[in-house]
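Fold and contact review
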Amino acid sequence: MPLIRFLIVGAANTLVGLSTIYFAMYFLQLDIVHANAIGYSLGILLGFALNKTWTFSCRGAVISSFIRYLLVLAVAYAANLATVLSANSHFNLNPYIAQALGIIPYTVIGFMGSRYFAFCTQRGIDMATDHLCETAKFNEKPMIPRMIDVSIILPCYNEEAVLLETTRQLADLLKQLIIDGKVTPNSRVYYIDDGSRDRTWEMIESLAETHEFIHGIKLSRNRGHQNALLAGLLTAEGEAIISVDADLQDDLSAIKKMIELYAAGYDIVYGVRDARMTDTFFKRFTAKVYYRLLSSMGVEIIYNHADYRLMSRQAIEALREFGEVNLFLRGIIPQIGFSYALVYYDRAERYAGESKYPLKKMLSFAWQGITSFSDLPLRIITSLGLLVSLISFLVTVWAIAIRLFTQDAIPGWASTVLPIYFLGGIQLLCLGIMGEYLAKIYSETKRRPRYTIEKMI
Ligand code: UDP
Ligand code: MG
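Let's shift gears to the pairing of strand E5 (residues 268-273). When you tally the buried positions in E5, you get 6 out of 6 residues, the bulk of the element. Of the two faces of E5, the one holding Ile 268, Tyr 270 and Val 272 and the one holding Val 269, Gly 271 and Arg 273 are both buried throughout. Bridge count between E5 and strand E6 (residues 305-312): 4 bridges; the pairing is antiparallel. What sits directly across from Val 272, in E6, is His 305. Taken together, the 6 bridges between E5 and strand E7 (residues 340-345) define a ladder with parallel strand orientation. Residue pairing across strands places Val 272 opposite Tyr 344, the latter belonging to E7.

At their nearest, the axes of helix H3 (residues 62-89) and helix H4 (residues 95-118) sit 7 Å apart, and the two run at 155° to each other. What the angle tells us is that H3 and H4 run roughly antiparallel. Remark: the crossing between H3 and H4 carries right-handed chirality. Looking at the contact of H3 with H4 residue by residue, the classes come out as 19 nonpolar, 9 polar and 1 charged.

The contact between helix H8 (residues 225-235) and helix H11 (residues 313-320) brings their axes to 9 Å, and the two run at 125°. Overall, the two elements H8 and H11 adopt an arrangement that is oblique. The interaxial crossing formed by H8 with H11 has left-handed handedness. On H11, the residues that touch Leu 230, Leu 233 and Leu 234 of H8 are Ile 316, Leu 319 and Arg 320. For the contact of H8 with H11, the per-class residue count stands at 5 nonpolar, no polar and 1 charged.

Thresholds applied
Residues numbered from 1 in each chain as written. Chains lettered and ligands numbered in written order. Predicted model: local features only at pLDDT ≥ 70, side-chain atom pairs only at ≥ 80, totals over all residues. Heavy atoms only, no water. Buried < 20%, exposed > 50% of the residue type's maximum accessible area, 1.4 Å probe, protein only. Helix = DSSP H or I, 4+ residues; strand = E, 2+ residues; numbered from the N terminus. Pairing = 2+ DSSP bridges. Axes fitted to C-alpha atoms, helices over the stretch in contact; angles between N-to-C directions. Parallel < 35°, antiparallel > 145°, perpendicular 65-115°, else oblique. Left-handed = near helix turned anticlockwise from the far one by under 90°. Nonpolar A, V, L, I, M, F, W, Y, C, P; charged D, E, K, R; others polar. Contact = heavy atoms within 4.5 Å.

Everything listed here is a matter of geometry and, on its own, says nothing about what the molecule does.
Okay, structure coming up:
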């Protein structure tokens, strides 16, 4: 666990750095600036060496990662200094307590920066995707031409602006696939209306009347993208089911490749975005950090894969066995197993309408991904507890030393009240995270139906 190792390295650093500072100040009679310079330099060198070789097991590129590490530390140190100074001057805290408080932003920024910037930035993702690509290559089987009975499912939430164009493109695609002898003539499309408030369902009804291959599933209310997808996956007929968004962001021509790979023997074919230039910088950046975070927490997901994928009947039946209410399909489907392959495509702009994933929904989806598949947040509590105990121990030793060896022991409120606040905060945080899991257990044990189909056509 990189975080735990990082914390241990951090504790070792701090211990070495702080003892050097105190040693330099009290025994060598250096002023605080020089003592700090020596202490921090030693800490930095030790931290770099340990983090590089042990925490992140990063090989090669010593100088460039050292420069990046220094940059990270500069930012972390600036945050540390700002905390120390403001604690000291604005809140009149004792300089030693202020120093101890400064360790917190220093550690947080230091870890994030080291993990995602200074050392082997590609590591987490490469490990995940390398492994997947290898499996895909390993599983390559000769193509056997045969017609597949396919269903394409599209969740729709207030998508009246795109439905006509999507239907036109899907009709062209299916026609071509039938002509090419890749899919059976009775292959079909399901629109799943996720409780839309606009005319989406009326449009689906009229499209189903004019096009034989169009079917509709209407959920009784808005249950969210993932539940709508699941409703489609578990309801649609056909030997292979392809899920894709209704807004034409995902290149429909990848469907042909998916079907070819399915015919070649793969049970699951993941659509992977090649370029995300059409997404905002913010969305690309947060997605990247998020994928890394997930893979570093041991959650198996496919990098840059959204919910554009083909699944065989066998894989769907396996998915049916997963009864969880907190749905994060991207995390569940790799757990099903079976052979799989990747298809790369470019992601386009949304054809019309606006994204149904505002920041709030995106954040809750991201949180779902973490808490549904990883118990790391729970384990961090232990590390946090260890770190806090270590700091408290150091402060206690220091307080006793001040009391025994100096005349400066002024009984102030800071040393009494601060630890109470500090520990109170940590405890609340821990309780919050535990509550998060408790809430999950609660909703899972209720076993409520995940969707309700109102009618089918
Ligand atoms: N969607 C849904 N229910 C929701 C939100 C979205 O069925 O509560 C559908 C939406 O109609 C679209 C797909 O999920 O077909 C992806 O949504 P969107 O394109 O808004 O997400 P983005 O591409 O911006 O991440
Ligand atoms: Mg979209």
